Amino acid sequence: MSHNNDSDDDWSETQSVDSCEAYISFESIRDPSTQLEEAVSFSWPGIYHCREDGSTEEEEVQQQQQEDRVLRKITISTLLEEDDLAPLFGGCQWAGTRLWGAAVRAIQYIAGHLEMDESNNSGSSGTKFELSSSGDNKTTLLELGCGLGVPGMIYHMLGSNVVLTDQEDILTQLEKNVEDNFPSTVISNEESSLDSTFAKQHYIRAMPLSWSRKGVNSLLKQLQLSKAGFDIVLNCDCVFEPLYGESWHLLNETIDELLKVNPKCVVVSSMERRGPADGIDLFIDEMKEMEYVKSVEKVYYEEKRNIEIYVTRGFEK
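Analysis parameters
- Residues numbered from 1 in each chain as written.
- Predicted model: local features only at pLDDT ≥ 70, side-chain atom pairs only at ≥ 80, totals over all residues.
- Heavy atoms only, no water.
- Helix = DSSP H or I, 4+ residues; strand = E, 2+ residues; numbered from the N terminus.
- Buried < 20%, exposed > 50% of the residue type's maximum accessible area, 1.4 Å probe, protein only.
- Contact = heavy atoms within 4.5 Å.
- Areas by Shrake-Rupley, 256 points an atom, 1.4 Å probe, with all protein chains shown as cover.
- Salt bridge = Lys/Arg side-chain N within 4 Å of Asp/Glu carboxyl O.
- Phe/Tyr/Trp six-rings, centres within 6.5 Å; stacked < 30°, edge-to-face > 60°.
- 1 Å grid on protein atoms, 1.4 Å probe; cavity = no way out; pocket = protein on both sides within 12 Å on 5 of 7 lines; lining within 4 Å.
- Points joined across faces, edges and corners; volume = space filled by probe spheres on them.
- Pairing = 2+ DSSP bridges.
- Axes fitted to C-alpha atoms, helices over the stretch in contact; angles between N-to-C directions.

K.L.:
Let's hear about the overall build of the protein chain: which residues, and what values?
P.N.:
The secondary structure content of the protein chain amounts to 10 helices and 11 strands. Counting the 317 residues in the protein chain, one finds 52% classified as buried. Within the protein chain, contacts between residues separated by at least 24 positions form 67% of all contacts whose residues are at least 6 apart in sequence. Here the protein chain displays about 15500 Å² of accessible surface, and carbon together with sulfur accounts for 46% of that area.

K.L.:
Tell me about the pattern of salt bridges, and please be specific about residues and values.
P.N.:
A complete count under the given rule lists 11 salt bridges for this structure. In this structure, R213 and E257 form a salt bridge, with 2.8 Å as the shortest nitrogen-oxygen distance. Residue R213 is found in helix 7 (residues 213-222), and its partner E257 is found in helix 9 (residues 248-261); the two are separated by 44 residues along the sequence. Residue R213 is classed as partly exposed on the basis of its relative accessible area of 27%. Overall, the relative accessible area of 7% leaves E257 in the buried class. A salt bridge links R273 to E308; the shortest N-O distance between them is 3.1 Å. Separated by 35 residues along the polypeptide, R273 in the loop between strand 9 (266-272) and helix 10 (280-288) and E308 in strand 11 (residues 307-314) bring together distant segments of the chain. Of the two residues, R273 and E308, neither departs from the other in class, the shared state being buried.

K.L.:
Describe the packing of aromatic side chains, and please don't skip the residues or the numbers.
P.N.:
Evaluation of the coordinates by the stated rule reveals two aromatic pairs. Ring centres of Y23 and W44 lie 5.3 Å apart, and the angle between their planes is 70 degrees; on these two criteria the pair is classed as edge-to-face. Residue Y23 is located in helix 1 (residues 19-23), and its partner W44 is located in strand 2 (residues 37-48); the two are separated by 21 residues in the primary sequence. The class of Y23 is partly exposed, set by a relative accessible area of 25%. Its relative accessible area of 0% is what places W44 among the buried residues.

K.L.:
Now, about empty space enclosed by the protein: what can you tell me, with residues and values included?
P.N.:
For the structure on display, the rule yields two cavities of 30 Å³ or more. The volume enclosed by the largest cavity comes to roughly 50 Å³. Lining the largest cavity are E175, V178, E179, V186, I187, S188, N189, R205 and A206. Elements with a minimum of two residues in the lining of the largest cavity: helix 5 (171-181), strand 6 (186-187) and strand 7 (204-208). No other element matches helix 5, which puts three residues into the lining of the largest cavity.

K.L.:
Kindly report on the side chain of T312, identifying the contributing residues and their values.
P.N.:
Topologically, T312 is positioned in strand 11. Excluding its chain neighbours within four sequence positions, the residues that come into contact with T312 are L259, C265, V266, V267, M287, V293, S295 and V296.

K.L.:
Describe in detail the pairing of strand 9, supporting the description with residues and values.
P.N.:
Of all seven residues making up strand 9, seven are buried, and the element is well covered by its neighbours. Of the two faces of strand 9, both are covered, the one formed by V266, V268, S270 and E272 as well as the one formed by V267, S269 and M271. Pairing analysis gives five bridges linking strand 8 (residues 232-236) to strand 9, with the strands arranged parallel. The residue of strand 9 that forms the bridge with N235 is S269. Here strand 9 pairs with strand 11 via seven bridges, running antiparallel. Looking across to strand 11, one finds that E272 is bridged to I307.

K.L.:
Any details on the sheet that holds strand 3 (residues 71-77)? Residues and values, ideally.
P.N.:
If you trace the three strands from one edge of the open sheet to the other, you get 1-2-3, paired in antiparallel fashion. The sheet terminates laterally at strand 1 (27-30) and strand 3, the two strands that pair on one side only. With strand direction ignored, the average angle separating the axes of adjacent strands in the sheet is 30 degrees. Where strand 2 and strand 3 come together, six bridges link them in antiparallel fashion. Within the sheet, the bridge partner assigned to Y48 lies in strand 3 and is L71. Contacts from helix 4 (residues 150-157) reach strand 2 and strand 3 within the one sheet, and its direction differs from that of strand 3 by about 150 degrees.

Shown next as structure tokens:
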């Protein structure tokens, strides 16, 4: 499925090219003859291409001028496979092929790259992203409703182990994009051994997940993380009632179960406000009442794009 040059669907308008897009050097790749989008590409500041011998250009900074270094570029297809094509007006599938501003702000926040000041910190005392110590193990991140999976991919590039999840009907696209961009660290779902995840010290994996307590426990069991859970749980623009209905109830159940498994887990929810009927207030209010949720704090607000970031924590023992 391709996308036209409709300025309402993403950042195609010149006046909309803002700091979100510029920060990750975002580029829409279009068919020259039709101008239909086929893929998107992005890079992350400070992550450079690897040479064939495995060394990075960053390691050879003294052998060449800094401006000669080339940032590593990730290219992601936005074309759904024929079997995954959504019915007419299938907005959920279409949304899963878009990169939204809330996703960029979320990974900036988690990576510590988001500038916080009095205009956007919501008066919060805990604006800086912090994790409880996880020992010598790599940080683990679970992205819920990941769509293209850009935040998770970036966090993997920064050194963490990442599991990307979304509906099964767009997973083919997600799996292919992960395999194409991370051939040496990807864990394929075709690998039969349950130990394959732990055979690689650094891994990324794409898996289907239907939001529910049962679904997330099944995922944790498959990953052999039933006791440890995840360090970070991320969801970006997963709440918008006109498109997704009241699926936020199931999202809250999933988050609550993940906090039950690992009370030290940090849940980051990044969302763009799109009107009073978007369902975000209902989602946040319900989240505050979930059994294993101790606190929900708005840590970031951006007026220009109407983006809010919330951090949810459990009852640490």
